[in-house]
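# Residue-level structure breakdown
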Amino acid sequence: MAPLNVGKLSMVGTSGNKFPAIREHLHKNITQAYNGLDTGFESFPGNEERDPEAYKKAIDALSPGDAITIFTPDPTHYPIALYAIQRKIHVMITKPAVKLLSEHQSLIEEAKKNNVFVYIEHHKRFDPAYADARNRAVRGNLGEFNYFYSYMSQPKSQLETFKAWAGKDSDISYYLNSHHIDVCESMVPEYRPTKVMASASKGIATDLGCAPETEDTITLLVDWEKKDGSGRRATGVYTASWSAPQKAGVHSQQYFHYMASKGEVRVNQAKRGYDVTEDEAGLVWYNPFYMKYAPDEEGNFAGQGGYGYVSFEKFVDAIQALKEGRATLDDLDKRGLPTLKNTIATGAILEAGRRSLDEGRPVEVVEKDGQWALK
């Protein structure tokens, strides 16, 4: 990301008393680590204030064409994004985009009306192995979609980290299954989901003091069909868990198996062929491919090649192209970026999975003339 693409920065929370510690953390871990790299930002609300709607004041301080990123609890994505979009501010939202399909479609309409770019931070699209697999599938080298299985997990410590909202505001499927469902959606643009059935295990999270309704592991069984009416069907199975062992060696297991009519892909990105063993930590598989934190030979930040960085870079570059007239919103959709339009099937599957768990039944996904609904 070229330095000139990003100027003034600001940060928003609900409680201003957290900002002094955040500034100290950034100074220690970034400024001092990378030759004095500037980490200054304006903060909302003030240090002694608490304001759940501080985002409005922060967005009002921006100008049309500016951009924000939303990395907040899932239920807050929609109101924050809508407020920004209606003021012609470009938006990046951490996955999942929103919790409800109706909200997803509402944002699509508002973004088009205001000609702003809304991008979902599905960084796994830019993992080199995942991106190459997607390219092979989309080009048709592997043939017709037939089966997709994925698994993603994090250790039980995450249940402590997210205890305030786990099982109440959102679930592990929204949090982790969203990665691989999006990857699958991006690999099979000629297919659409038609039915979702969810199953979940419980007991570990509740033993750790989480809300009684908190699931440990959620699996979604999804029927897909080809859009051309040929009758071709495929199956997707997506499993996510935040009850993995504390010392599994990796922070996140992440792998998938994609099978098609002429070939298959198996990707396991948990260990990445790189392990470190230390007396106290034991055997650990790190992930420098997401973000490289080691400075370059001159002491500068050198993580620009990491797919976590690339995900942000694509967002900023797309906005620049839009501003300069080098691309339209339709052009950006066609590039295969994780835009609102290109992630709507993921949104539909995630809500359908939640409904399936709550109602104990399969949920149909219906799409007609670009409008999606659940039954």
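Just above, that's the structure.
We now turn to the structure provided with this report. (Residues numbered from 1 in each chain as written. Predicted model: local features only at pLDDT ≥ 70, side-chain atom pairs only at ≥ 80, totals over all residues. Heavy atoms only, no water.)

### Quick notes on the pattern of salt bridges
If the charged atoms of two oppositely charged side chains come close together, the side chains can form a pair. To keep it simple, the criterion reads: Take a side-chain nitrogen of Lys or Arg and a carboxyl oxygen of Asp or Glu: if they are within 4 Å of each other, that pair is a salt bridge. What counts as a helix is a DSSP run of H or I of at least four residues, what counts as a strand is a run of E of at least two, and both are numbered from the N terminus. Relative accessibility under 20% of the residue-type maximum defines a buried residue, over 50% an exposed one, and the middle range a partly exposed one, all with a 1.4 Å probe and only protein chains included.
A full pass over the atoms with the stated rule returns 21 salt bridges. Of the charged contacts, one joins Glu-110 and Lys-113 as a salt bridge, the two residues approaching to 3.2 Å between their closest N and O atoms. Here Glu-110 and its partner Lys-113 are both found in helix α4 (residues 101-114), three residues apart, which amounts to about one turn of the helix. Look at Glu-110 and you get buried, because its relative accessible area is 14%. A relative accessible area of 61% places Lys-113 in the exposed class. Connected through salt bridges with shared partners, the residues Arg-192, Lys-195, Asp-223, Glu-225 and Arg-233 form a single ionic network.

### A few points about the nonpolar core
Our working definition: Here, nonpolar core means buried Ala, Val, Leu, Ile, Met, Phe, Trp, Tyr and Cys residues that are tied together by side-chain atoms lying within 4.5 Å of each other.
Within the largest apolar cluster, 49 residues are counted, with the highest numbers of intra-cluster contacts made by Phe-145, Met-187, Leu-220, Trp-224, Phe-256 and Tyr-258. Examining the composition of this core, we find that eight residues originate from one element, helix α7 (residues 172-187), more than from any other. In this structure, Tyr-78, Ala-97, Leu-107 and Ala-111 belong to the second largest nonpolar core, which totals 22 residues.

### Examining the layout of surface pockets
To be explicit about the condition: Definitions used throughout: a 1 Å grid over protein atoms alone; a cavity as a set of points that fits a 1.4 Å probe which cannot get out; a pocket as an open set with protein on both sides within 12 Å along at least five of seven lines; a lining residue as one with an atom within 4 Å of a point. Grid points are joined across faces, edges and corners, and a volume is the space filled by probe spheres set on the points. Delimitation of the domains relies on an automatic or database domain assignment.
Space inside the second largest pocket adds up to approximately 950 Å³. Considering the residues around the second largest pocket, the lining is formed by 34 residues, among which Asp-333, Thr-339, Leu-340, Lys-341 and Asn-342 are closest to the centre. Put simply, the parts of the chain that give the lining of the second largest pocket at least two residues each are α4, α7, α10 (329-334), α11 (344-359) and β15 (371-374). Of the residues that make up the lining of the second largest pocket, three or more belong to each of domain 1 (10-124 + 308-339) and domain 2 (127-293 + 342-374).

### Looking at the sheet that holds strand β4 (residues 90-94)
The condition that has to hold: At least two bridges found by DSSP between two strands are what make those strands a pair. Under this scheme, a helix contributes an axis fitted over its contacting stretch, all axes are lines through C-alpha atoms, and angles between N-to-C directions fall in the 0 to 180 degree range. Here, two residues are considered to be in contact whenever any of their heavy atoms come within 4.5 Å of each other.
The sheet built from three strands is open, its strands ordered β3-β4-β5 with parallel pairing. Where the open sheet ends on each side, the last strands, each with one partner, are β3 (67-70) and β5 (118-121). Across the sheet, the mean angle from the axis of one strand to that of its neighbour is 15°, orientation sign disregarded. Relative to β5, β4 is paired through four bridges, and the arrangement is parallel. Bridging from a neighbouring strand, Thr-94 pairs with Glu-121 of β5. Packed on one face of the sheet, helix α3 (residues 77-85) meets β3, β4 and β5 and runs near 170° to β4.

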